[in-house]
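Fold and contact review
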Amino acid sequence: MLGRLRTDHIDLLYQHRVDPAVPIEDVAGAVGELITAGKVKHWGLSEPGPNTIRRAHATQPLTAIQNEYSMMWRGPEEQTLPLCEELGIGFVCWAPLAYGFTTGTINPATQFAAGDFRGMLPRHTPENRAANMPLVQLLQDWAVRKGATPAQISLAWLLAQKPWVVPIPSATRVSHLLEDIAAEDVAFTAEELQELTTALNAITIHGDRLGIMTGTEAPPQ
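Keep in mind the model is a prediction, meaning the values are calculated, not measured. (Residues numbered from 1 in each chain as written. Predicted model: local features only at pLDDT ≥ 70, side-chain atom pairs only at ≥ 80, totals over all residues. Heavy atoms only, no water.)

**Re the sheet that holds strand β4 (residues 90-94)**
Heads up, the rule is: Two strands qualify as a pair provided that DSSP identifies no fewer than 2 bridges between them. Runs of H or I in DSSP of at least four residues are treated as helices and runs of E of at least two as strands, each being numbered from the N terminus. Axis definition: a line fitted to C-alpha atoms, over the contacting stretch in the case of helices. Angles run 0 to 180 degrees between N-to-C directions.
Strand order in the open sheet made by the five strands is β1-β2-β3-β4-β5, with parallel pairing throughout. Lying at the two open borders of the sheet, with one neighbouring strand each, are β1 (10-15) and β5 (165-167). Taking each pair of neighbouring strands and ignoring which way they run, the sheet shows an average axis angle of 25°. Two elements, strand β2 (residues 40-46) and strand β3 (residues 64-68), share three bridges in a ladder whose sense is parallel.

**Quick look at the confidence of the model for the protein chain**
The line we're drawing: By definition, pLDDT measures how confident the predictor is in each residue, and it falls between 0 and 100. Any two residues whose heavy atoms approach within 4.5 Å at even a single point are treated as in contact.
Confidence in the prediction of the protein chain, expressed as mean pLDDT, is 92, and 95% of residues score 70 or more. Here residues 211-221 scores under 50 on pLDDT; set against residues more than four positions off or in separate chains, the count is 29 contacts.

**Considerations on the packing of aromatic side chains**
Stated formally: Think of it this way: a Phe, Tyr or Trp ring, Trp meaning its six-membered ring, pairs with another when their centres are within 6.5 Å, and the plane angle makes it stacked under 30 degrees, edge-to-face over 60, tilted otherwise. Think of it in three bands: with a 1.4 Å probe and only protein chains considered, a residue is buried below 20% of the maximum accessible area for its type, exposed above 50%, and partly exposed in between. The rule for a charge over a ring is simple: NZ of Lys or CZ of Arg within 6 Å of the ring centre, and within 35 degrees of the ring normal.
Here the structure, examined in full by the defined rule, presents five aromatic pairs. Here Y69 and W157 contribute two aromatic rings whose centre-to-centre distance is 6.1 Å and whose plane-to-plane angle is 55°, an arrangement assigned as tilted. Note that Y69 is positioned in the loop between β3 and α3 (80-87) and W157 in helix α6 (residues 150-159), a separation of 88 residues in sequence. Here the two residues Y69 and W157 agree in accessibility, since each one is buried. On the basis of an interplanar angle of 55° and a centroid distance of 5.4 Å, the ring pair of Y99 and F117 is categorised as tilted. With Y99 in the loop between β4 and α4 (126-131) and F117 in the loop between β4 and α4, this residue pair connects regions lying 18 residues apart in the sequence. Overall, Y99 belongs to the buried group, its relative accessible area being 18%. One aromatic cluster is present, built from ring pairs that chain together Y69, F91 and W157. A cation over an aromatic ring shows up here: R145 above the ring of W142, its NZ or CZ 4.0 Å from the ring centre.

**Focus on the pattern of salt bridges**
In a structure, side chains of opposite charge can pair up when their charged atoms sit close to one another. What counts is decided by this rule: For this document, the term salt bridge refers to a Lys or Arg side-chain nitrogen within 4 Å of an Asp or Glu carboxyl oxygen.
Overall, the coordinates contain 10 salt bridges when judged by the stated rule. Among the ionic pairs, E68 bridges to R209, the shortest N-O distance being 2.9 Å. Remark: R209 occurs in the segment after α8 (190-201) and E68 occurs in strand β3; sequence separation between them is 141 residues. R209 shares its class with E68; the two are buried. Its salt-bridge partner being E195, residue R145 comes within 2.9 Å of it at the nearest N-O pair. Residue R145 is found in helix α5 (residues 133-146), and its partner E195 is found in helix α8; the two are separated by 50 residues along the sequence. With relative accessibility at 45%, the residue R145 sits in the partly exposed group.

**Topic: the environment of H124**
Cut-off, in case you're wondering: Two N or O atoms count as a polar contact when they lie within 3.5 Å, although within protein this holds only if one can serve as hydrogen donor and the other as acceptor, and sequence-adjacent residues are included solely when both atoms are side-chain atoms.
Along the polypeptide, H124 turns up in the loop between β4 and α4. The sequence separation of H124 and F101 amounts to 23 residues, and the corresponding C-alpha distance is 8.7 Å. Discounting chain neighbours no more than four positions away, the residues touching H124 are A98, Y99, F101, I106, F112, R118 and R129. Among the polar contacts listed, one links the side chain of H124 to the backbone oxygen of R118, at a separation of 3.0 Å.

So, in structure tokens, the structure goes:
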């Protein structure tokens, strides 16, 4: 495998997702052997629960946890983020733009193409999209205030949570990639961050996240 990748090691190896049929200690031990052999530098887990994180980390220290986290899904704040801080593990946010909803480009009238994954999300029914528009309005207001875009406000808010929180937005166009990168230039004062978070706390998000997690705990957060 490494030969096909034209490298002699993998910098960060993830397990996607936790296999309930295999003890996480066995997985961690196998990865530890790869690390000892120099074939892997670091490892992480995607969508694990807190107990799984503790057990895995006790066998082979984890470098990163990759869970969904955005303004629309803040489940990691309850247990996973505090645990990562306790154990010194980085947190990688997948779907940080909530599949495009926090960019402001999706509204109740949006028609998803056949086969578009986003059309299957419970949050993206026409009724839930309409009910979730207060979040879009909040982001648009802050975008005007900070001279940014809604997407940049959304990413900058995640970056402001902890220095070890890293969003990984997808981009289908170079312009989107450049927009996402520029979110690093959006800064909040402590007062602004508190104001934005307080406003966010007052918004009820309608529609469940898609239940695609597998593992020893469900849901993991």
